[in-house]
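Here are the chains, one letter per residue:
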Amino acid sequence: MIQIEIDNGSGFCFGVTTAIKKAEEELAQGETLYCLGDIVHNGMECERLRQMGLITINHEDMKNLHDVKVLLRAHGEPPATYELARQNNIEIIDATCPVVLKLQKRIKEQYEQGVGQIVIFGKKGHAEVLGLVGQTESTAIVIENFDEVKKLDFSRDIYLYSQTTKSLDEFHRIISYIQSHISSEATFRSFDTICRSVANRMPNISQFATRHDLILFVCGRKSSNGKVLYNECLRVNPNTHLIEGPGEIEPDWLNNIETVGICGATSTPKWLMEQCRDKLLNIEK
């Protein structure tokens, strides 16, 4: 009999939970509700909410909407989105994560001081990063990884921030590199803006992955956070498979397996991990 454990630390983070709750509350009142971008990087959860009535739109769609309600997801949005909503008489249901809001405010204040290079360690084009860059009228420099730090101008002041879901270890590597290369005439300040509820999942999920013969990492393939956590599972347990749902589970994976661990990203709903567990139990029968 195979033992199956679902990781208690996996599943929606606070920001995603709040966004989904707000959407469900609005939809329960029979309201027409639009969401700017996928509410979460998980196709099956987006489909569940679509069936409840949530309409996902992009920024171009929003330009043509008037007198409606639009939900802003946890990732946050740049000031231009709020200005468009004001012009089109759109009611904003703001589900931006408080951690992201605080970071936006800090970057905006730094930008308004008008000095140095504002650098954001994050994924180019990611919704959260677009919202952060928008606080600087698109002047902030985005670096996606350690190698890109070398393109900075070390003769000028540098103010370094991070997307909330990036790797803490890589962020510290970037800090060390800048410290050792910055001109003695320039100022360098770094601001640790990585969400601890996400960062702490790295060591926890690493320990979880070592305890099992097989790891099923359940995650939408668009999730940045999911890629980081999946790669950590794979590093400590090569018998790790990334799946979006129970339909991707291969019975052959269970050959000579005694324990299976099921875990996921901050965008993975608990119910989806439970469906994967149920699929495993049916295969065993």
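Residues numbered from 1 in each chain as written. Predicted model: local features only at pLDDT ≥ 70, side-chain atom pairs only at ≥ 80, totals over all residues. Heavy atoms only, no water.

1. Concerning the overall build of the protein
Thought 1: Helix and strand content of the protein: eleven helices and twelve strands.
Thought 2: Rg of the C-alpha trace for the protein: 21 Å, near the compact-globule value of 19 Å for 285 residues, within the 12% margin.
Thought 3: In the protein, which comprises 285 residues, the proportion classed as buried is 51%.
Thought 4: Here the analysis covers contacts within the protein between residues at least 6 apart in sequence; of these, 71% occur between residues at least 24 apart.
Thought 5: Summing over all exposed atoms, the protein offers an accessible surface of approximately 13700 Å²; the carbon and sulfur share of this is 48%.
Thought 6: Side-chain charges of the protein comprise 31 positive and 39 negative groups, with the mean position of each set lying 2 Å from the other. (Helix = DSSP H or I, 4+ residues; strand = E, 2+ residues; numbered from the N terminus. Rg over C-alpha atoms; globule rule 2.2 N^0.38 Å. Buried < 20%, exposed > 50% of the residue type's maximum accessible area, 1.4 Å probe, protein only. Contact = heavy atoms within 4.5 Å. Areas by Shrake-Rupley, 256 points an atom, 1.4 Å probe, with all protein chains shown as cover. Lys, Arg positive; Asp, Glu negative; His and termini not counted. Charge placed at Lys NZ, Arg CZ, Asp CG, Glu CD.)

2. Comments concerning the nonpolar core
Thought 1: Of all hydrophobic cores here, the largest spans 19 residues; its most connected members are Val-149, Leu-152, Ile-158, Leu-160, Ile-174 and Ile-178.
Thought 2: Elements with a contribution of two residues or more to this core: β6 (117–121), β8 (158–162) and α7 (168–181).
Thought 3: The residues touching Ile-178, leaving out its near neighbours within four places in the chain, are Val-149, Leu-152, Phe-154, Ile-158, Leu-160 and Phe-188.
Thought 4: Counting residues in hydrophobic clusters, the runner-up holds 16 residues, among them Ala-19, Ala-23, Leu-33 and Leu-71. (Core = buried A, V, L, I, M, F, W, Y, C linked by side-chain atoms within 4.5 Å.)

3. Details of the packing of aromatic side chains
Thought 1: Considering all chains together, one arrives at five aromatic pairs under this definition.
Thought 2: When the centroid spacing of 6.2 Å and the interplanar angle of 15° are considered together, the rings of Phe-121 and Phe-171 count as stacked. Of this pair, Phe-121 sits in strand β6 while Phe-171 sits in helix α7, placing them 50 residues apart in sequence. Accessibility classification places Phe-121 together with Phe-171 in one group, the buried group. (Phe/Tyr/Trp six-rings, centres within 6.5 Å; stacked < 30°, edge-to-face > 60°.)

4. Considerations on helix α5 (residues 98–113)
Thought 1: The end-to-end C-alpha distance of α5 is 23 Å, a good match for the 22 Å that 16 residues give at a rise of 1.5 Å each.
Thought 2: For α5, the full list of buried residues reads Val-100, Leu-103, Gln-104, Ile-107 and Gln-110. What you see down the axis of α5 is that its buried residues fit within an arc of 130°, all on one side. Turned more than 90 degrees from where α5 packs its buried face, Lys-102, Lys-105, Glu-112 and Gln-113 sit exposed. (Expected span 1.5 Å × (residues − 1). Arc of directions from axis to C-beta.)

5. Structural notes on the side chain of Asn-88
Thought 1: Relative to the helices and strands, Asn-88 resides in the loop between α4 (79–87) and β5 (91–94).
Thought 2: For Asn-88, the side chain forms a polar contact with the main-chain oxygen of Lys-63, separated by 3.1 Å.
Thought 3: Setting aside anything within four residues of it in sequence, one finds Asn-88 in contact with Met-62, Lys-63, Leu-65, His-66 and Asp-67. (Polar contact = N/O pair within 3.5 Å; in protein donor to acceptor, adjacent residues only side chain to side chain.)

6. Let's talk about the sheet that holds β5
Thought 1: Strand order across the open sheet formed by four strands is β3-β2-β4-β5, with parallel pairing between neighbours. Lying at the two open borders of the sheet, with one neighbouring strand each, are β3 (54–57) and β5. Strand-to-strand twist across the sheet, computed as the mean angle between neighbouring axes with direction ignored, equals 35°.
Thought 2: Pairing of strand β4 (residues 69–72) with β5, which is carried by four bridges, proceeds in the parallel orientation. (Pairing = 2+ DSSP bridges. Axes fitted to C-alpha atoms, helices over the stretch in contact; angles between N-to-C directions.)

7. Digging into helix α2 (residues 43–52)
Thought 1: Listed as buried for α2 are Glu-45, Cys-46 and Leu-49. For α2, the arc enclosing every buried residue in end-on projection is 100°, short of the 170-degree limit, so these residues lie on one face. Exposed and facing more than 90 degrees away from the buried side of α2 are Gly-43 and Gln-51.
Thought 2: Two to three positions downstream of the cap, the backbone nitrogen of Met-44 sits 3.2 Å from a side-chain oxygen, assigning the N-cap of α2 to Asn-42.
Thought 3: Positive backbone phi, at 120°, marks Gly-53, one or two positions downstream of α2.

8. Remarks on the pattern of salt bridges
Thought 1: Under the definition given, this model contains 18 salt bridges.
Thought 2: Arg-48 is paired through a salt bridge with Glu-24; the nearest N and O atoms lie 2.8 Å apart. Pair noted here: Arg-48 is in helix α2 and Glu-24 is in helix α1 (residues 14–28), with a separation of 24 residues, a long-range link.
Thought 3: A salt bridge links Glu-47 to Arg-50; the shortest N-O distance between them is 2.8 Å. Placement of the pair is Glu-47 and Arg-50 together in helix α2, with a separation of three residues, close to one helical turn.
Thought 4: Overlapping salt bridges, with partners in common, bring together Glu-24, Glu-45 and Arg-48 in one network. (Salt bridge = Lys/Arg side-chain N within 4 Å of Asp/Glu carboxyl O.)

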